[in-house]
Amino acid sequence: MKQLSYLPLEQLSNWLLEAYQQAKKGKLPDYIPLLKQTDPSLLAICIITENDNILIEGDSQITFPLMSIIKPFLLLYLLSKLGDNFIFQKVNSKPSNYPFNSLEQLQLDQGFPRNPMINSGALTLVSLLSGKDSNKRCHNLQQWLNKQSQSNLFLDELMLNSVESLPNPRNQAIIDELTQRNHIKDPEITLDTYNKICCLSGTIIDLAKLGLLLVNSSNISSENASIVRDIMTTCGLYQASEDFAEKIGFPSKSGVSGAILSIVPQQGAIACYSPPLDAQGNSVASSYLIRKIANYLI
Ligand code: GLU
């Protein structure tokens with residue numbers, strides 16, 4: 001396997017030009033008004049290797065909400081606070097072929113969430129965060145992540161207002177089901193906290209630094225990092241997870257804002273951002289770039 005740190009900059013610049021064209025095939029999500037208004041031509045990539053080589057191209061100053069990319073880091077945080085035995089009594093770690101916000105999947109599984117990368121699992125994990133209210137709970141996670149990864153994540157209040165401006169019946173239905181089955185307490189605080197942690201935002205560099213926590217961080221237990229990477233590999237890209245795992249094989253997580261984070265084990269992290277999404281909800285240009293880099297490395 002070739003080394004991520006030797007990826008030629010010229011090659012990366014060419015892929016970026018192609019990725020701009022690819023992005024035109026995608027669509028902006030319409031269920032969060034501010035995401036619908038994002039400039040579709042934004043594009044950024046940051047690669048950080050474990051020896052701290054850093055390669056950045058595109059709109060590196062732009063900040064964006066992590067949305068579902070917070071999910072593996074929520075899992076990492078709770079594994080470090082509560083341990084894997086406790087966590088996996090609350091959620092499973094199996095892939096799902098249903099959409100990320102499926103109530104049906106949860107009902108088929110008798111209310112035991114299939115994995116922490118889909119909303120039922122993430123909401124269940126959010127309910128385990130400590131703190132008297134959603135502000136405190138979100139803040140605890142934000143602070144921990146910033147400290148461990150030296151990043152500057154912040155809560156984007158405008159994005160949060162936009163998320164909360166439209167009802168989200170699917171997430172509400174999942175919360176109701178989990179509450180009825182006594183899987184979560186404090187349903188309101190849980191949903192508020194979930195919306196807040198999805199609006200934790202940063203630049204492409206912040207995202208790549210978060211990714212490095214799953215490569216070789218001296219502050220993170222290697223067992224916990226490996227648990228998170230394994231679940232990202234099989235469950236990280238919505239319904240495209242299986243295909244991506246077969247063809248690319250890198251632990252990855254995408255979010256509805258258009259970011260994708262991929263981990264190249266023992267080498268580094270690749271963070272990409274481009275807002276237009278494909279039919280499965282993954283950023284078209286970000287998946288394109290990651291596929292190109294994976295094919296180069298293998
Ligand atoms: N806030 C989003 C939701 O739960 C996050 C979705 C995503 O990025 O996949 O609907």
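As a starting point, this report considers the structure included with it.

So, how was this worked out
- Residues numbered from 1 in each chain as written.
- Predicted model: local features only at pLDDT ≥ 70, side-chain atom pairs only at ≥ 80, totals over all residues.
- Heavy atoms only, no water.
- Helix = DSSP H or I, 4+ residues; strand = E, 2+ residues; numbered from the N terminus.
- Rg over C-alpha atoms; globule rule 2.2 N^0.38 Å.
- Buried < 20%, exposed > 50% of the residue type's maximum accessible area, 1.4 Å probe, protein only.
- Contact = heavy atoms within 4.5 Å.
- Areas by Shrake-Rupley, 256 points an atom, 1.4 Å probe, with all protein chains shown as cover.
- Lys, Arg positive; Asp, Glu negative; His and termini not counted.
- Charge placed at Lys NZ, Arg CZ, Asp CG, Glu CD.
- 1 Å grid on protein atoms, 1.4 Å probe; cavity = no way out; pocket = protein on both sides within 12 Å on 5 of 7 lines; lining within 4 Å.
- Points joined across faces, edges and corners; volume = space filled by probe spheres on them.
- Nonpolar A, V, L, I, M, F, W, Y, C, P; charged D, E, K, R; others polar.
- Core = buried A, V, L, I, M, F, W, Y, C linked by side-chain atoms within 4.5 Å.
- Salt bridge = Lys/Arg side-chain N within 4 Å of Asp/Glu carboxyl O.
- Pairing = 2+ DSSP bridges.
- Axes fitted to C-alpha atoms, helices over the stretch in contact; angles between N-to-C directions.
- Near = heavy atom within 4 Å.
- Polar contact = N/O pair within 3.5 Å; in protein donor to acceptor, adjacent residues only side chain to side chain.
- Sits in = over half its atoms within 2 Å of the grid points.
- Phe/Tyr/Trp six-rings, centres within 6.5 Å; stacked < 30°, edge-to-face > 60°.

### A few points about the overall build of the protein chain
Here comes step 1: Along its length, the protein chain carries 14 helices and 8 strands.
Here comes step 2: Relative to the globule expectation of 19 Å for 298 residues, the C-alpha radius of gyration of the protein chain, 18 Å, shows essentially globular dimensions.
Here comes step 3: Oriented by its inertia axes, the alpha-carbon framework of the protein chain measures out at about 55 × 40 × 35 Å.
Here comes step 4: Burial statistics for the protein chain: of 298 residues in total, 57% are counted as buried.
Here comes step 5: When contacts within the protein chain are restricted to residue pairs at least 6 apart in sequence, long-range pairs at least 24 apart make up 70% of them.
Here comes step 6: Accessible surface, the protein chain as shown: approximately 12700 Å² in total, 47% of it carbon and sulfur.
Here comes step 7: Here the protein chain contributes 24 positive and 27 negative side-chain charges, whose respective centroids are spaced 2 Å apart.

### Observations regarding the layout of surface pockets
If you roll a probe as big as a water molecule over the atoms, it shows you where there is empty space left.
Here comes step 1: Reported here for the largest pocket is a volume of approximately 450 Å³.
Here comes step 2: Lining the largest pocket are 24 residues, with Tyr-31, Val-163, Asn-168, Asn-171 and Asn-195 sitting closest to its centre.
Here comes step 3: Secondary-structure elements contributing two or more residues to the lining of the largest pocket are helix 8 (157–165), helix 9 (169–180) and helix 10 (187–198).
Here comes step 4: Top element by residues in the lining of the largest pocket is helix 10. It accounts for 5 residues.
Here comes step 5: Within the lining of the largest pocket, the residues separate by chemical class into 13 nonpolar, 7 polar and 4 charged.
Here comes step 6: When its volume is computed, the second largest pocket comes out at roughly 310 Å³.
Here comes step 7: Pro-29, Asp-30, Tyr-31, Leu-277 and Gly-281 are the residues nearest the centre of the second largest pocket, which is lined by 13 residues in total.
Here comes step 8: Looking at the lining of the second largest pocket residue by residue, the class counts come to 8 nonpolar, 2 polar and 3 charged.

### A short note on the nonpolar core
Here comes step 1: Of all hydrophobic cores here, the largest spans 70 residues; its most connected members are Met-67, Leu-74, Leu-145 and Leu-207.
Here comes step 2: In contact with Leu-74, other than residues within four places in its own chain, are Ala-122, Leu-125, Val-126, Leu-129, Leu-141 and Ile-197.
Here comes step 3: Formed by 26 residues, the second largest nonpolar core is a distinct cluster that contains Trp-15, Ala-19, Leu-43 and Ile-47.

### Considering the pattern of salt bridges
Pairs can form between side chains of opposite charge once their charged atoms are near each other.
Here comes step 1: Per the stated rule, a full pass over the model turns up 6 salt bridges.
Here comes step 2: Arg-137 is paired through a salt bridge with Asp-186; the nearest N and O atoms lie 3.5 Å apart. One end of the pair, Arg-137, is in helix 7 (residues 134–149); the other, Asp-186, is in the loop between helix 9 and helix 10, and 49 residues separate them in sequence.
Here comes step 3: Classification of Arg-137 as buried rests on a relative accessible area of 7%.
Here comes step 4: For Asp-186, a relative accessible area of 38% translates into the label partly exposed.

### A look at the sheet that holds strand 7 (residues 259–264)
Here comes step 1: Taken together, the 5 strands give an open sheet; going across it, the order is 2-1-8-7-6, and neighbouring strands pair in antiparallel fashion. Two strands bound the open sheet, and with one partner strand each, they are strand 2 (54–58) and strand 6 (252–254). This sheet shows a mean twist of 5° between the axes of neighbouring strands, independent of strand direction.
Here comes step 2: Examined bridge by bridge, strand 1 (residues 44–49) and strand 2 share 5 bridges and lie antiparallel to one another. What sits directly across from Ala-44, in strand 2, is Gly-58.

### Some thoughts on the site of the ligand
Here comes step 1: In the vicinity of the ligand, the residues found are Tyr-31, Met-67, Ser-68, Phe-100, Asn-119, Asn-168, Asn-171, Tyr-194, Cys-198, Tyr-238, Gly-255 and Val-256.
Here comes step 2: Note that an oxygen atom of the ligand is positioned 2.9 Å from one of the side-chain N or O atoms of Tyr-31.
Here comes step 3: Taking Tyr-194, its side chain carries an N or O atom lying 2.5 Å from an oxygen atom of the ligand.
Here comes step 4: Out of a free accessible area of 300 Å², the ligand has 98% covered by protein chains.
Here comes step 5: For the ligand, the cavity whose grid points lie within 2 Å of the majority of its atoms is the largest pocket.
Here comes step 6: Residue classes in the shell around the ligand are distributed as 7 nonpolar, 5 polar and no charged.

### Things to note about the sheet that holds strand 3 (residues 64–65)
Here comes step 1: Pairing in this open sheet of 3 strands is antiparallel, and the strands run 3-5-4 from one edge to the other. The two strands at the open ends of the sheet, each matched to only one other strand, are strand 3 and strand 4 (154–155).
Here comes step 2: Across 2 bridges, strand 4 lies against strand 5 (residues 200–202) in antiparallel orientation. Counted as the bridge partner of Leu-155 is Leu-200 from strand 5.

### Points about the packing of aromatic side chains
Here comes step 1: Tallied over the entire structure, the rule returns 4 aromatic pairs.
Here comes step 2: For the ring pair Phe-64 and Tyr-273, a centre distance of 4.2 Å and an interplane angle of 10° mean the geometry is stacked. On the criterion of sequence distance, the pair formed by Phe-64 in strand 3 and Tyr-273 in strand 8 (residues 268–273) is long-range, its members being 209 residues apart.
Here comes step 3: Between Phe-100 and Tyr-238 the ring centres are 5.1 Å apart and the planes differ by 50°, which places this aromatic pair in the tilted class.

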